[in-house]
Amino acid sequence: MKYYFCASDLGFYIEGASPSIPHNAIEIPTDTYNTFAGVSWPAGKILTTGDSGFPEWGDVPPPTQEE
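This structure is a prediction, so every number in the text was calculated from the model and none was measured.

Thresholds, definitions, all that
- Residues numbered from 1 in each chain as written.
- Predicted model: local features only at pLDDT ≥ 70, side-chain atom pairs only at ≥ 80, totals over all residues.
- Heavy atoms only, no water.
- Salt bridge = Lys/Arg side-chain N within 4 Å of Asp/Glu carboxyl O.
- Helix = DSSP H or I, 4+ residues; strand = E, 2+ residues; numbered from the N terminus.
- Buried < 20%, exposed > 50% of the residue type's maximum accessible area, 1.4 Å probe, protein only.
- Phe/Tyr/Trp six-rings, centres within 6.5 Å; stacked < 30°, edge-to-face > 60°.

Engineer: Break down the pattern of salt bridges for me, with residues and values.
Structural biologist: Going through the model one piece at a time under the given rule, you end up with one salt bridge. Across the pair aspartate 59 and lysine 45 runs a salt bridge whose closest N-O atoms are separated by 2.5 Å. On the criterion of sequence distance, the pair formed by aspartate 59 in strand β5 (residues 55-59) and lysine 45 in strand β4 (residues 45-49) is long-range, its members being 14 residues apart. Taking relative accessible area as the criterion, aspartate 59 reaches 56% and is therefore assigned exposed.

Engineer: Account for the packing of aromatic side chains, with residues named and values stated.
Structural biologist: Within this structure, the stated rule accounts for five aromatic pairs. Here tyrosine 3 and tyrosine 33 contribute two aromatic rings whose centre-to-centre distance is 4.2 Å and whose plane-to-plane angle is 25°, an arrangement assigned as stacked. Here the residue tyrosine 3 occupies a position in strand β1 (residues 3-6), and tyrosine 33 occupies one in helix α1 (residues 30-36), the gap between them amounting to 30 residues. Each of the two residues, tyrosine 3 as well as tyrosine 33, counts as buried. The interplanar angle of 80° and the centroid separation of 6.0 Å between the aromatic rings of phenylalanine 12 and tyrosine 33 together place this pair among those described as edge-to-face. Remark: tyrosine 33 occurs in helix α1 and phenylalanine 12 occurs in strand β2 (residues 11-14); sequence separation between them is 21 residues. Overall, phenylalanine 12 belongs to the partly exposed group, its relative accessible area being 21%. Exposure remark for tyrosine 33: the relative accessible area of 17% places this residue in the buried category.

Honestly, it's all geometry; don't read function into it.
Here it is, written out as C-alpha cells:
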C-alpha cells in the first residue's frame, strides 16, 4: 500500500482507496502516515507542511485581537 500527502490541501491519500490523488501529492512512508493521519493531534499543535513537503506539527498561532 502506498500513502501520499498533499501540502496544498493538507490531505492524506491511500493508493487504491482514494478516488483520486492530487497531482502534487508526494509519496510518504507508512510510519509518517501513521504519525499524522487520523490520530489525536498533540495539544497546542496544528498540521503544517515542512520545507520538504512532508507533514509536520507546528505551533498553534496565538489568538488575534478580534478573538
